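Here is how the chains run, residue by residue.
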Amino acid sequence: MPKIGLGTWALPNNSFVDIIKEAYKLGYTKFDTAWKYNNELLLGEALDILGCDRRELFITTKLHELQLFWGGHFKRFHIRKSSVLRALRASLKRLQLDYIDLYLIHWPFPQYLSMYEDIVECYKEGLIKSVGVCSFTERQIDEIYEKTKVMPAVNQFEISPYNTRKELIKACNDRNITIEAYSQFGGRMVASSTLMNDSTLVQIAILHKKSVAQVILRWLLQQNICIIPRSKDTLRQQENIDVFDFVLSQDDMEQIDSLNKEYYVWGKPGDVD
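Residues numbered from 1 in each chain as written. Predicted model: local features only at pLDDT ≥ 70, side-chain atom pairs only at ≥ 80, totals over all residues. Heavy atoms only, no water.

**Student:** Help me understand unusual backbone geometry, please; the structure alone is not making it clear to me.
**Tutor:** Apart from glycine, the bulk of residues carry a negative phi angle, and the bulk of peptide bonds sit in the trans form. With phi around 60°, Lys209 is a residue other than glycine that occupies positive phi space. Turning to its location among the elements, Lys209 is positioned in the loop between α8 (199–208) and α9 (212–221). Here Glu262, not a glycine, exhibits a phi torsion of approximately 55°, which is positive. On the secondary structure map, Glu262 appears in the segment after α11 (250–257). (Helix = DSSP H or I, 4+ residues; strand = E, 2+ residues; numbered from the N terminus.)

Structure (structure tokens):
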């Protein structure tokens, strides 16, 4: 899996295809989408236009509990292998692909164990190259492994200088699970502008003649964490991928770690019983 990819959440529909084309020209080959983003179809159109070798690309999409709902009332969920398989095949059709490189459970929903078991079956059938999860805790990871004997290849969860997640990072590293960060710039939170103007980050950025965004991404990469920054702007996309020509010192890393506030943009998943 490439270390850097493009997140596609909330990219504008009217320019989505052009955004993907420009990102590919810059060197992006990993694209992260989800059923919930409602843009799998647009990403499929863009990939078709690119006309590149499928083996060049790494495509991630995600399974949401609402894809598995059937019956009368919203609260009546029934998780069945055929339902997960249908959801996966529908994503494949929209994306115009024969397989998904990485298929994630979008959140630790109450039905996560059944969902994971069924995704593992799809993996065994060859429709998925890698199985993963989003925002799972250490306990939840151990539970799905105990049930299926298949460790998730990836745990994608929120990490930023204001939410460093050191304990979960260690737990994933101990289990040889690749970590992928989202909301690395603070996402939709009002404090994102505060993060980008944080005096510690600004001083480190000035020292290295880089932007604060580049410093944050470099901080993640030096922890061996994969990243999927989202941007519709070509110049920002170029900036986000141009992070391999400098190195943060140990002091830089420790200063950024010290900014931790345990600030969650999307809410703390916690343990779901």
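Resuming the write-up.
**Student:** Just to check I follow, could you spell out the side chain of Ser183 for this structure?
**Tutor:** Following the sequence through the fold, Ser183 ends up in the loop between β7 (178–182) and α7 (192–196). Judged by its relative accessible area of 13%, Ser183 is buried. Of note is the side chain of Ser183, whose polar atom sits 2.8 Å from the side chain of Trp266. Setting aside its immediate chain neighbours within four residues, Ser183 contacts Glu158, Ile159, Ser160 and Trp266. (Buried < 20%, exposed > 50% of the residue type's maximum accessible area, 1.4 Å probe, protein only. Polar contact = N/O pair within 3.5 Å; in protein donor to acceptor, adjacent residues only side chain to side chain. Contact = heavy atoms within 4.5 Å.)

**Student:** Help me out: how do you make sense of the sheet that holds strand β5 (residues 131–134) in this one?
**Tutor:** Strand-to-strand pairing in sheets goes through backbone hydrogen bonds, with the strands running parallel or antiparallel. Strands sit in the order β1-β2-β3-β4-β5-β6-β7-β8 across an open sheet of eight strands; the sheet is parallel. Because the sheet does not close on itself, it has two edges, and the strands there are β1 (6–7) and β8 (226–227). Set on the sheet, helix α4 (residues 112–124) makes contact with β3 (58–63), β4 (102–105) and β5; between it and β4 the angle comes to about 165°. (Pairing = 2+ DSSP bridges. Axes fitted to C-alpha atoms, helices over the stretch in contact; angles between N-to-C directions.)

**Student:** Just to check I follow, could you spell out α11 for this structure?
**Tutor:** Residues that lie three or four places apart on an α-helix share one face, since the helix turns once every 3.6 residues. Residues of α11 that are buried include every one of Asp252, Met253 and Ile256, and no others. Considered in projection along α11, the buried side chains sweep an arc of 100° and stay on one side of the axis. (Arc of directions from axis to C-beta.)

**Student:** Just to check I follow, could you spell out the nonpolar core for this structure?
**Tutor:** Nonpolar side chains tend to gather and get buried jointly when the protein is soluble and globular. The biggest cluster of nonpolar side chains holds 76 residues, and the ones touching the most others in it are Phe31 and Ile159. Here this core gets eight residues from one element, more than from any other, and that element is α9. Among the nonpolar cores identified, the runner-up in size contains five residues, and Phe58, Leu102, Leu104 and Cys134 belong to it. (Core = buried A, V, L, I, M, F, W, Y, C linked by side-chain atoms within 4.5 Å.)

**Student:** I'm lost on the packing of α8 against α9 in this one. Help?
**Tutor:** A packed helix pair is summarised by two numbers, namely the angle formed by the two axes and the spacing between the axes. Running from amino to carboxyl end, α8 crosses α9 at an angle of 95°, the nearest separation of the two axes being 8 Å. Judged on the interaxial angle alone, α9 and α8 are roughly perpendicular. Every residue of α9 that contacts α8 at Leu201, Val202, Ile204 and Ala205 is listed here: Val212, Val215 and Ile216. Its residues placed into classes, the contact of α8 with α9 shows seven nonpolar, no polar and no charged. (Parallel < 35°, antiparallel > 145°, perpendicular 65-115°, else oblique. Nonpolar A, V, L, I, M, F, W, Y, C, P; charged D, E, K, R; others polar.)

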